[in-house]
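Here's the letter readout for the chains.
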Amino acid sequence: LKFNNVGICMIDIVGFSRWCSKQSPRDIVCTMMNYNDHIVNMMKKYDCLDKIELVGDCRMILSGCNSEEDVYHCTSCLISYCIEIINNIDEIKRIFGEIDISIRIGIHIGDVVGCEIKNPKKYQLFGNDINVASRLESACVKETIHISEKTKQFITNLHVDDSITFSKRLDMD
């Protein structure tokens, strides 16, 4: 399946490796399950978001996977969701029991292709635009959202919380 103009969001936990080095495997699993529940519960009020991948401490979330959905509405939902996560960072710190834990978020609007892989059985997404979102996230300052120029074009007319930094430090388009 090909999805065009979807919002691709990568959310990474800053300080995760250091935190893990002080935890038992059981505590890591329990905490990650609580963290996952937290971010999924926050998604419920946004009608066009899908949690797609869990890779270690990184989460990939897509918006607008249904071709019937308005890309501007879905991008607005994705941005609002990410702002809400950052505004509620204290809850993530509480879940981890660590004041130094933080997050960083990269968002890019692009195209992906999804398919089912048989060994191991899972649904997987591919596309360079996923790499762009991942690079935006990894170059991001903690507790900010780093967006591509293409994403900026989609949100130009949206009201954005002034406390969030949208940076354009990499020209990925």
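Residues numbered from 1 in each chain as written. Predicted model: local features only at pLDDT ≥ 70, side-chain atom pairs only at ≥ 80, totals over all residues. Heavy atoms only, no water.

Engineer: A description of the overall build of the chain should follow, citing residues and the corresponding values.
Structural biologist: Within the chain one finds six helices and seven strands. Start at the N end of the chain and walk to the C end: the helices and strands fall as β-α-α-β-β-α-α-β-β-α-β-α-β. Every one of the 173 residues in the chain was classed for burial, and the buried ones make up 48%. Residue pairs at least 24 apart in sequence account for 70% of intrachain contacts in the chain once pairs closer than 6 positions are excluded. In the structure as shown, the chain presents an accessible area of about 9,100 Å², 49% of it carried by carbon and sulfur atoms. (Helix = DSSP H or I, 4+ residues; strand = E, 2+ residues; numbered from the N terminus. Buried < 20%, exposed > 50% of the residue type's maximum accessible area, 1.4 Å probe, protein only. Contact = heavy atoms within 4.5 Å. Areas by Shrake-Rupley, 256 points an atom, 1.4 Å probe, with all protein chains shown as cover.)

Engineer: Tell me about the packing of helix α2 (residues 25-43) against helix α4 (residues 89-96), residues and numbers included.
Structural biologist: The description of two packed helices rests on the angle between their axes and on the distance between the axes. With their axes 9 Å apart at the nearest point, α2 and α4 run at an angle of 160° to one another. Our classification of the angle between α2 and α4 gives roughly antiparallel. Once α2 is placed against α4, the crossing between them reads as right-handed. Every residue of α4 that contacts α2 at Thr31, Met32, Asn34, Tyr35 and His38 is listed here: Glu91, Ile92, Ile95 and Phe96. Broken down by class, the residue content of the contact of α2 with α4 amounts to five nonpolar, three polar and one charged. (Axes fitted to C-alpha atoms, helices over the stretch in contact; angles between N-to-C directions. Parallel < 35°, antiparallel > 145°, perpendicular 65-115°, else oblique. Left-handed = near helix turned anticlockwise from the far one by under 90°. Nonpolar A, V, L, I, M, F, W, Y, C, P; charged D, E, K, R; others polar.)

Engineer: How would you explain α2 if you had to name every residue and give the values?
Structural biologist: Helix length check: α2 (19 residues) gives 27 Å between terminal C-alpha atoms against 27 Å at 1.5 Å per residue, within 8%. Taken together, the buried positions of α2 are occupied by Ile28, Thr31, Met32, Tyr35, Asn36, His38, Ile39, Met42 and Met43. One face of α2 carries all of its buried residues, which in axial projection span an arc of 160°. Looking at α2, the residues exposed on the side facing more than 90 degrees away from the buried face are Arg26 and Met33. (Expected span 1.5 Å × (residues − 1). Arc of directions from axis to C-beta.)

Engineer: Summarise the side chain of glutamine 124; cite the residues concerned and give the values.
Structural biologist: Within the element layout of this structure, glutamine 124 appears in strand β5 (residues 121-126). When sequence neighbours within four positions are dropped, the list of residues in contact with glutamine 124 reads Glu53, Val113, Gly114, Cys115 and Ile117.

Engineer: Kindly report on the pairing of strand β2 (residues 49-55), identifying the contributing residues and their values.
Structural biologist: Bridging between β2 and strand β3 (residues 58-63) involves six bridges; their strand directions are antiparallel. When the bridges of β3 are listed, valine 55 appears paired with cysteine 58. Where β2 folds back on β3, the antiparallel hairpin that results is connected by two residues, among which glycine 56 adopts a positive phi of roughly 60°. (Pairing = 2+ DSSP bridges.)

Engineer: Before we move on, can you summarise the packing of aromatic side chains with the specific residues and values?
Structural biologist: Across all of its chains, the model carries five aromatic pairs by this definition. A ring pair is formed by tryptophan 19 and phenylalanine 96, whose centres lie 4.9 Å apart and whose planes are at 80°; its orientation type is edge-to-face. On the criterion of sequence distance, the pair formed by tryptophan 19 in helix α1 (residues 16-20) and phenylalanine 96 in helix α4 is long-range, its members being 77 residues apart. Summarising the burial analysis for this pair, tryptophan 19 and phenylalanine 96 share the class buried. (Phe/Tyr/Trp six-rings, centres within 6.5 Å; stacked < 30°, edge-to-face > 60°.)

Engineer: Break down the pattern of salt bridges for me, citing the residues and quoting the values.
Structural biologist: Applying the stated criterion across every chain, the model contains six salt bridges. Where lysine 45 meets glutamate 84, a salt bridge forms, and the shortest distance between an N and an O atom there is 3.2 Å. You can see lysine 45 sitting in the loop between α2 and β2 and its partner glutamate 84 sitting in helix α3 (residues 71-87), a full 39 residues away along the chain. On the basis of relative accessibility, which here comes to 59%, the residue lysine 45 falls in the exposed class. Between arginine 104 and glutamate 137 there is a salt bridge, with its nearest N and O atoms 2.5 Å apart. Residue arginine 104 is located in strand β4 (residues 102-118), and its partner glutamate 137 is located in helix α5 (residues 128-138); the two are separated by 33 residues in the primary sequence. Put simply, Asp12, Arg104 and Glu137 are held in one network by salt bridges that share partners. (Salt bridge = Lys/Arg side-chain N within 4 Å of Asp/Glu carboxyl O.)

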